[in-house]
Amino acid sequence: MYTNKRSGTSEAVYDKLKEQILHLELPPGSAISEIDTAAKYEISRTPVRDAFKMLEREGLLEIRPHIGTFVSLIDLDMIADTLYIREVLEQAVFRDLATSHDNSQEFAVRLILQQQRDLLDSNLPPDELSRAFVVSDNAFHNMLYELAGKQNVMRYWQTINSQYERFRTFLNLGERESLLRLYQDHILIWDYISSREYNRLAERVSHHLYDGFNASAEVVYKCPEYFVYTKGYPIHRIPTTEGAAE
């Protein structure tokens, strides 16, 4: 039986289904049934229907009248636009943090970095490791926004990042080396914030956001049924400064 403390509510069903969709436990294109979901959580169909509508508004479900409900495909065009927004936000927020941060913030950030190192050194199965690391990755970025006093900016971002979140999970699922590169980026980002190296910080943020996507064509082509795009793919973006030091 579903044991969430908000059991029986549309919000609880929404939370659980969204987590499964973002973590690809419900893969893009898969069918999902009101009747089966209600039976699984031992609730009526009304809160399930409400949860489905919320997920549809976020672009995570596609409800086709008289046909069925399906997990939406990952929209690569939307991801390209979302990446642009994310880069602008993080360049500005992290620069503000570099200007104002103090040593009292060091411990909290280093603690998350150590937790990420511990995850990478653990014996978790590859898929479980990937999902756990994405959660920790989000915690790292959330903390930097919080330290910069930009929690509302992060909350806005979280309303538009569902497609981005799924794609990140897809790219990193079972890829320990990719997770290691993200971890190393996090260390550099914080080092450049701490030392106020603005140019290196700006370039590392761009690399952190775009490198995986620019190299993802082969991974995407292995599961083309998961994706939809109209403007062309891969996402061509070269956010580097010629000759800049790492």
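Given the structure is predicted, the values throughout are model-derived calculations rather than measurements.

S.K.: Explain the packing of helix α5 (residues 106–120) against helix α9 (residues 176–195) to me, please; I cannot follow it from the model alone.
M.R.: The angle between the axes and the distance between the axes are what describe a pair of packed helices. Relative orientation of the contacting elements α5 and α9 amounts to 165°, with a least axis distance of 10 Å. Taken together, α5 and α9 sit at an angle that is classed as roughly antiparallel. Where α5 crosses over α9, the two elements pack in a sense that is left-handed. Residues Glu106, Val109, Arg110, Leu113, Gln116, Arg117 and Leu120 of α5 form the contact with α9, whose own contacting residues are Arg176, Leu179, Leu180, Tyr183, His186, Ile187, Trp190, Asp191 and Ser194. Here the residues of the contact of α5 with α9 sort into eight nonpolar, three polar and five charged.

S.K.: Looking at this model, I keep getting lost on the environment of Leu24. Mind explaining?
M.R.: Positionally, Leu24 belongs in the loop between α1 (10–22) and β1 (31–32). When the C-alpha atoms of Leu24 and Gly212 are compared, they prove to be 18 Å apart, with 188 residues separating the residues in sequence. Excluding its chain neighbours within four sequence positions, the residues that come into contact with Leu24 are Arg131, Arg166, Thr169, Phe170 and Leu173.

S.K.: Teacher, can you tell me more about the sheet that holds strand β2 (residues 61–64) here?
M.R.: Within a sheet, each strand pairs with its neighbour through backbone hydrogen bonds, oriented either parallel or antiparallel. Ordered in space as β1-β3-β2, the three strands form an open sheet in which the pairing is antiparallel. Every other strand in the sheet has two partners, leaving β1 and β2 as the edge strands with one partner each. Seen against the sheet, helix α3 (residues 45–57) touches β1, β2 and β3 (68–71) and runs at an angle of roughly 115° to β2.

S.K.: Would you mind showing me how to read the packing of aromatic side chains here?
M.R.: A ring pair, where both rings are aromatic, is described by two values, the distance of the centres and the angle of the planes. Applying the stated criterion across every chain, the model contains nine aromatic pairs. Each ring, one from Phe167 and one from Phe213, has its centre 5.0 Å from the other, and the planes form 50°; the classification is tilted. Taken together, the residues span a long stretch of sequence, with Phe167 in helix α8 (residues 162–172) and Phe213 in helix α10 (residues 198–214) at a distance of 46 residues. Both residues of the pair, Phe167 and Phe213, count as buried. Seen from their ring centres, Tyr226 and Phe227 are 6.5 Å apart, and the 50° between their planes marks the pair as tilted.

S.K.: Hey, could you run me through the nonpolar core in this one?
M.R.: In a soluble, globular protein the nonpolar side chains are often hidden away together inside. Judged by nonpolar contacts, the single largest core of 35 residues is most densely connected at Phe94, Leu144, Phe167, Ile193 and Leu201. Of all the secondary-structure elements, those providing two or more residues to this core are α4 (76–100), α5, α6 (126–147), α7 (151–158), α8, α9 and α10. With eight residues, α4 is the largest single contributor of residues to this core. Those residues within four positions of Leu201 in sequence are excluded, and the remaining contacts are Phe94, Arg95, Ala98, Ile189, Tyr192 and Ile193.

S.K.: Any chance you could explain the packing of α8 against α10 here in plain terms?
M.R.: At a minimum axis separation of 11 Å, α8 and α10 run at an interaxial angle of 65°. Both α8 and α10 take part in a crossing whose hand is left-handed. Contacts between α8 and α10 involve Tyr164, Phe167, Arg168 and Leu171 from the first element and Leu209, Gly212 and Phe213 from the second. By residue class, the composition of the contact of α8 with α10 is five nonpolar, one polar and one charged.

S.K.: Would you mind showing me how to read the environment of Glu56 here?
M.R.: Relative to the elements of secondary structure, Glu56 occurs in helix α3. When its relative accessible area of 35% is taken as the criterion, Glu56 is described as partly exposed. Residues Glu56 and Leu179 lie 123 residues apart in sequence; the distance between their C-alpha atoms is 30 Å. Sequence-distant contacts of Glu56, that is, excluding residues within four places in its chain, are made with Leu61 and Ile63.

Rules used throughout
Residues numbered from 1 in each chain as written. Predicted model: local features only at pLDDT ≥ 70, side-chain atom pairs only at ≥ 80, totals over all residues. Heavy atoms only, no water. Axes fitted to C-alpha atoms, helices over the stretch in contact; angles between N-to-C directions. Helix = DSSP H or I, 4+ residues; strand = E, 2+ residues; numbered from the N terminus. Parallel < 35°, antiparallel > 145°, perpendicular 65-115°, else oblique. Left-handed = near helix turned anticlockwise from the far one by under 90°. Contact = heavy atoms within 4.5 Å. Nonpolar A, V, L, I, M, F, W, Y, C, P; charged D, E, K, R; others polar. Pairing = 2+ DSSP bridges. Phe/Tyr/Trp six-rings, centres within 6.5 Å; stacked < 30°, edge-to-face > 60°. Buried < 20%, exposed > 50% of the residue type's maximum accessible area, 1.4 Å probe, protein only. Core = buried A, V, L, I, M, F, W, Y, C linked by side-chain atoms within 4.5 Å.

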